[in-house]
Every structure is written in structure tokens, then in C-alpha cells.
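Chain residues, written in single-letter form:
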Amino acid sequence: MPEQFELVAPLNLPREIMAEGAVLLRGIALPFEKDLLAALNDIITRSPFRRMITPGGYTMSVAMTNCGAAGWVTDRTGYRYDPIDPETGNPWSPMPNSFLDLAIAAATEVGCREFRPDACLINRYEPGALLSLHQDKNERDFANPIVSVSLGLPATFQFGGLKRTDPVRRYTLRHGDIAVWGGPSRLCYHGVPELKDGVHDRLGRMRINLTFRGAL
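Please read these numbers as outputs of a predicted model, since none were measured by experiment.

Draft legend 1. Main features of the overall build of the protein chain. Helix and strand counts for the protein chain stand at three helices and 13 strands. Its C-alpha radius of gyration of 16 Å places the protein chain within 12% of the 17 Å reference for a compact globule of 216 residues. Along the longest, intermediate and shortest principal axes, the C-alpha atoms of the protein chain span 45 × 40 × 40 Å. Taken across its 216 residues, the protein chain has 53% of its residues classed as buried. Long-range contacts, defined here as pairs at least 24 residues apart, represent 72% of the contacts in the protein chain between residues at least 6 apart.

Take a look at the structure:
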């Protein structure tokens, strides 16, 4: 078992139940902050952030990159996971131990003890960027949860139901918070409305979101 994982478990931090199988853990990423940000700098040196194109030709306002065995990509041909960064022609960076330890710790905290992510989609939100309501459904196995880490500026997280038209609840996500959803909530619609301007003392005018998945 990784040393860092042993240091933070059991975490016993405040939590909010968003739905059955969906939990918001407050401040759980804070003990990992220094290592996460250092690892992130290494990742974006190898595979810089970019604004991807959707199949419909729309340029996303959120800039993205990936690490792990495969990365989530979108272009005019569709959404998919690819082991190769299409911009560099090289494999994505391996998932850093600090990322893996944190994802396992968060998933274990909510009862998903078998979760071992093989992909991490990294989103960079700048003021005005948004991610409309969507489902994460390009993974091969929906038995694994999604573990979503918030760093930097606060954001509003919208969490709905299994239909786009279902009522949506809103939660403020702050630096160090993690949302985990799986089981009956695994395919719930979720999104982030326009990020409000501000300055975070570590990350400046941005929010970073690490989303861990069992993709392959």
C-alpha cells in the first residue's frame, strides 16, 4: 500500500451526500496539494493543455490534457479514449503516484475499495469557461466510479439525474474538495456553469479539475 495512502486514511472529513452512490468529500485533497501541483507541471510540459473540438465542430471553453494509460479526446470523428496524445504523437504521461494515491484514498473513503484508475482527464477552467450537463459514458465498464478533484478557484457543480431533464442540485466546490459518484449515480448528468473570475493564492485565475476513471 502506498505510503501517502496510509498517511491520509482513515480521513474522517466532512462529507455531503449528493445522491445514492454520490458523495462530496470536503478538503480531502489538501494533504496532497504540493505533490499534485508538482506532478501537474510535469504532465503539462509533456502534453500541454488544449481546447478540443467536439464532433459537432464546437471548440470547448475548457482546456484539457490527460495522464495515464489512455486519455479522453474529442474531435470531429467522435469521443474516445486513446493511448496516444493526438497533438504530440506520443503516449500520455504515466499517472503520477500522488494522483493514484489520492484517487484510491477518495474512492476507498466512500466504499469503492477496488477502484484503480487507469486514466485521468485534467480540465483547466479560466473565468467564463463552462462544461454543460453531460454523462461520462465513454468508459468500457461503468462499475468503476468517477473521482473528481477540485483545485484552485471555487466552482458550482451541477449534479442531476439519469435524464438531462431531471432536477439539478448545485454544490460549491472549493480547493481540495473531491466528488465521487458511482453505482446508481454513475451515469448521472453533471456539469459546471461559467466559472466566476477571481484569484486563487496557489493557482491564480483558474480552476483545475482532475477526473479519474477506469477507462479501459
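There's more to say after this.
Draft legend 2. Quick look at the layout of surface pockets. Empty space within the largest pocket amounts to approximately 640 Å³. Forming the boundary of the largest pocket are 35 residues, of which Met60, Leu131, Ser132, His134 and Gln135 lie nearest the centre. Contributions of two or more residues to the lining of the largest pocket are made by β5 (78–82), β6 (119–125), β7 (131–134), β8 (146–152), β12 (190–192) and β13 (207–213). Residue classes in the lining of the largest pocket are distributed as 17 nonpolar, twelve polar and six charged.

Draft legend 3. Spotlight on the sheet that holds β8. Overall, antiparallel pairing links the seven strands, which are arranged β1-β2-β11-β8-β13-β6-β3 in an open sheet. Edge strands, defined here as strands with exactly one partner in the open sheet, are β1 (15–19) and β3 (63–68). Between one strand axis and the next, the sheet turns through 20 degrees on average, direction left out of account. Bridge analysis of β8 against β13 gives six bridges, and the strand direction is antiparallel. Bridge pairing in β13 links Val147 to Phe212.

Rules behind the numbers
Residues numbered from 1 in each chain as written. Predicted model: local features only at pLDDT ≥ 70, side-chain atom pairs only at ≥ 80, totals over all residues. Heavy atoms only, no water. Helix = DSSP H or I, 4+ residues; strand = E, 2+ residues; numbered from the N terminus. Rg over C-alpha atoms; globule rule 2.2 N^0.38 Å. Buried < 20%, exposed > 50% of the residue type's maximum accessible area, 1.4 Å probe, protein only. Contact = heavy atoms within 4.5 Å. 1 Å grid on protein atoms, 1.4 Å probe; cavity = no way out; pocket = protein on both sides within 12 Å on 5 of 7 lines; lining within 4 Å. Points joined across faces, edges and corners; volume = space filled by probe spheres on them. Nonpolar A, V, L, I, M, F, W, Y, C, P; charged D, E, K, R; others polar. Pairing = 2+ DSSP bridges. Axes fitted to C-alpha atoms, helices over the stretch in contact; angles between N-to-C directions.

Purely geometric numbers; function is a separate question.
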